[in-house]
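Working through the structure, step by step
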Amino acid sequence: MSWGTELWDQFDNLEKHTQWGIDILEKYIKFVKERTEIEISYAKQLRNLSKKYQPKRNSKEEEEYKYTSCKAFLSTLNEMNDYAGQHEVISENMTSQITVELTRYVQELKQERKSHFHDGRKAQQHIETCWKQLESSKRRFERDCKEADRAQQYFEKMDADINVTKADVEKARQQAQLRHQMAEDSKADYSTTLQKFNHEQHEHYYTQIPSIFQKIQEMEERRIVRIGESMKTYAEVDRQVIPIIGKCLDGIAKAAESIDQKNDSQLVIEAYKSGFEPPGDIEFEDYTQPMKRTISETSLSNSRGDSKTELKFGSKSKGKLWPFIKKNKGAGPEDFSNLPPEQRRKKLQQKVDELNKEIQKEMDQRDAITKMKDVYIKNPQMGDPGSLDHKLTEVGQNIEKLRLEVQKFEAWLTEVEGRLPIRGEHPRRQSGMYEAQNTPSVNNCAQDRESPDGSYTEEQSQENELKMMATDFDDEFDDEEPLPTIGTCKALYTFEGQNEGTISIAEGEILYVIEEDKGDGWTRIRRNEDEEGYVPTSYVEVYLDKNAKGAMTYI
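About the criteria used
- Residues numbered from 1 in each chain as written.
- Predicted model: local features only at pLDDT ≥ 70, side-chain atom pairs only at ≥ 80, totals over all residues.
- Heavy atoms only, no water.
- Helix = DSSP H or I, 4+ residues; strand = E, 2+ residues; numbered from the N terminus.
- Buried < 20%, exposed > 50% of the residue type's maximum accessible area, 1.4 Å probe, protein only.
- Contact = heavy atoms within 4.5 Å.
- Areas by Shrake-Rupley, 256 points an atom, 1.4 Å probe, with all protein chains shown as cover.
- Salt bridge = Lys/Arg side-chain N within 4 Å of Asp/Glu carboxyl O.
- Pairing = 2+ DSSP bridges.
- Axes fitted to C-alpha atoms, helices over the stretch in contact; angles between N-to-C directions.
- Expected span 1.5 Å × (residues − 1).
- Bend = angle between axes of the 7 residues up to and from the residue.
- Polar contact = N/O pair within 3.5 Å; in protein donor to acceptor, adjacent residues only side chain to side chain.
- Phe/Tyr/Trp six-rings, centres within 6.5 Å; stacked < 30°, edge-to-face > 60°.
- pLDDT = per-residue confidence, 0-100.
- Core = buried A, V, L, I, M, F, W, Y, C linked by side-chain atoms within 4.5 Å.
- Patch = residues over 30% accessible without salt bridge, like charges linked within 9 Å, V, L, I, M, F, W, Y side chains within 5 Å.
- Parallel < 35°, antiparallel > 145°, perpendicular 65-115°, else oblique.
- Left-handed = near helix turned anticlockwise from the far one by under 90°.
- Nonpolar A, V, L, I, M, F, W, Y, C, P; charged D, E, K, R; others polar.

Let us look at the overall build of the protein. Across its full length, the protein holds eleven helices and five strands. Counting every position in the protein, which comprises 555 residues, the buried fraction comes to 32%. The long-range share in the protein, meaning contacts at least 24 apart out of those at least 6 apart in sequence, stands at 73%. As displayed, the protein offers around 37,500 Å² of accessible surface, 52% of which is attributable to carbon and sulfur atoms.

Here the focus is the pattern of salt bridges. Working definition: two side chains of opposite charge can pair if their charged atoms are close together. Summed over the entire model, instances satisfying the criterion amount to 22 salt bridges. Between Glu101 and Arg104 there is a salt bridge, with its nearest N and O atoms 2.5 Å apart. Of this pair, Glu101 and Arg104 are both found in helix 4 (residues 68–160), three residues apart, which corresponds to roughly one turn of the helix. Judged by relative accessible area, which is 30%, Glu101 ranks as partly exposed. On the accessibility criterion, Arg104 (40% relative accessible area) is partly exposed.

On to the sheet that holds strand 5 (residues 540–544). Taking strand neighbours across the sheet as the criterion, the five strands line up as 4-3-2-1-5 in an open arrangement whose pairing is antiparallel. Each of the sheet's edge strands pairs with one partner strand only, and the pair in question is strand 4 (531–536) and strand 5. For this sheet, the mean angle separating the axes of adjacent strands, direction not counted, is 40°. Taken together, the three bridges between strand 2 (residues 510–515) and strand 3 (residues 522–528) define a ladder with antiparallel strand orientation. The partner of Glu515 across the bridge, within strand 3, is Arg524.

Right, let's talk about helix 5 (residues 166–257) for a bit. An ideal rise of 1.5 Å per residue puts 136 Å on 92 residues; helix 5 measures up with 133 Å between its terminal C-alpha atoms. Of all the bends in helix 5, the largest measures some 45° and sits at His204.

This brings us to helix 6 (residues 261–272). In this model, helix 6 (twelve residues) spans 17 Å end to end at C-alpha, consistent with the 16 Å of a helix rising 1.5 Å per residue. For helix 6, the side-chain oxygen to backbone nitrogen distance between the N-cap and Lys262 is 3.2 Å, and the N-cap itself is Asp260.

This next bit is on the packing of aromatic side chains. Summed over all chains, the structure comprises twelve aromatic pairs. Consider the rings of Phe11 and Phe117, whose centres lie 5.4 Å apart with planes at 75°: the pair is edge-to-face. Remark: Phe117 occurs in helix 4 and Phe11 occurs in helix 2 (residues 11–52); sequence separation between them is 106 residues. Considered together, Phe11 and Phe117 belong to a single accessibility category, that of buried residues. The interplanar angle of 90° and the centroid separation of 5.2 Å between the aromatic rings of Phe409 and Trp412 together place this pair among those described as edge-to-face. With Phe409 and Trp412 both in helix 9 (residues 389–419) and three residues apart, this pair spans about one turn of that helix. Judged on exposure class, the residue Phe409 and its partner Trp412 are both buried. Grouped by ring-pair contacts, the aromatic residues Tyr493, Phe495, Trp522 and Tyr539 constitute a single cluster.

Turning next to the confidence of the model for the protein. The predicted coordinates of low-pLDDT regions are not to be read in fine detail. When pLDDT is averaged along the protein, the result is 78; 77% of the residues meet or exceed 70. Mean pLDDT across the elements of the protein bottoms out in helix 10 (residues 430–448) (38) and peaks in helix 2 (94). Confidence drops under pLDDT 50 across residues 292–332; counting only partners more than four residues distant or on other chains, this segment forms 51 contacts.

Direction of pairing for strand 1 (residues 487–491) relative to strand 2: antiparallel, over a ladder of four bridges. Considered in strand 2, the bridge of Thr488 is made with Tyr512. Hairpin remark: strand 2 followed by strand 3, antiparallel, with six residues in the connecting loop; positive phi at Gly519, about 105°.

A word on the nonpolar core. Core analysis: the largest hydrophobic core is formed by 30 residues, its most contacted members being Leu25, Tyr28, Met94, Ile98, Phe213 and Ile216. Where this core is concerned, the elements lending two or more residues are helix 2, helix 4 and helix 5. Apart from the residues lying within four places of it in its own chain, the contact partners of Met94 are Val32, Arg35, Thr36, Thr99, Tyr234, Val237 and Asp238. Ranked by size, the runner-up nonpolar core spans 18 residues in total, among them Ile359, Met363, Tyr376 and Val416.

Once that is clear, we can look at the environment of His17. The residue His17 is located in helix 2 in this model. Along the backbone, His17 and Glu220 are 203 residues apart, and their C-alpha atoms lie at a distance of 9.2 Å. When neighbours within four sequence positions are excluded, His17 is seen to be in contact with Trp3 and Glu220.

Taken together, the side chains of Trp8, Tyr205 and Tyr206 define a hydrophobic patch exposed on the protein surface, amounting to about 360 Å² of accessible area. As for its position among the elements, Tyr205 is in helix 5.

Let us look at the packing of helix 2 against helix 4. The geometry of helix 2 relative to helix 4 is characterised by a closest axis approach of 8 Å and an angle of 165° between their N-to-C directions. Put simply, helix 2 runs roughly antiparallel to helix 4. Of the two elements, helix 2 crosses helix 4, and the hand of that crossing is left-handed. Per-class residue counts for the contact of helix 2 with helix 4 are 23 nonpolar, 14 polar and ten charged.

Okay, structure coming up:
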């Protein structure tokens, strides 16, 4: 198996293949380099994390580390610092043993490749020069033979003519002999050149090219072996630090096992024990004889006030406000209308699931912020509760936006499923189940969050969400009337409308024109009631209705 014999006529393809091999090697170098950067960044973050939770010297926090649980935590921090050092070792070893070595090898490989293909081109140029010399010698021999024939014919014609002088005949004979001699010389030169070319061609295809291609093959095989060795080194660098990382983890586990709850309890006793005896029984003092007990109106009013407070709390619950579905008038690529129905359904279902996950994340974030706000209300020294209102409003708006997106994609999904054949009863989408399951918990969570004075901490957020949904409601019914159709058009080319306000079209599709080109190169078209937008005028062939107002026929 030799490239020189099997691929003797594939010089250009070998040149492309070897360049591709170098590109692969450089891609692997880039991969390892990015891995080292990740390791360095990870080690830095681990060190910062360990440093962040280290106890401050000469502080109350340092005194807490007399407990075994705190000592174990301190040991964990120290072990994590050593753990980070091993990731730095990984980065250093990969840089020195792989990145640096391969970068130097790539430079050498490029020089070697350049030298081999330079020799190959030089050999090709030499054989092409020999070929041109052969062709030139061949054409000269052919030309001299034709001229010799013409001279011989002219001599014979002169010799047969009795009116021609003897001197003219002699001159024609000498000219014929000269031409014949030139033809013989050209023949000999052509024969010599042909033998030389055949020898050079044999040397080229059976000696020079095989030798050059064999060197290129060996060079390529060395590259393949080198990248395989680098991959082994990549694994070994990781494997070398595994024992040390294992020791770090064993240290953390050992620190956890050293925790003694009884010892910590004893330390609490030693720290806070007062030494006093518990107080004795209090003697009974009787005041019943000089007093007449009556029912206390104050206690009655207090009980009524408490009931009102409970009633007020119970009536504060707010119901779920469902947003209205807004129509998407621009049939852009986000509805996946360029895909087959089944593929489109899968894409839309996937999009709905992704949006539901994002909604859940936002809801978790809102709950976390609300809990933080409750803490601030109960402990004002920890922070200002009002500083979180803006964040709550922003998160609430994000949730509503995501819900509108979900309903928009669900509408498209319903349309697609309505067109598909019925394949049996099965749950349509998870978003409905998602909202049904999560809505009560969200409302209950909002109801359970009450400040010490009985008021709600999420009042402002709820009002902002209500205002935003009311605005969407108004926008839904303030839409303009649809533009009338003024003609039709045929799509000459396929256009993917990726920008807002555009619409995707397929070649050969027939659509309705609702607004002609105003000189900006765009025509507004409509596919159906809910899908309309702009397309380049040059992509469609327009046929305007002559009876339409202001219409003019053009193509």
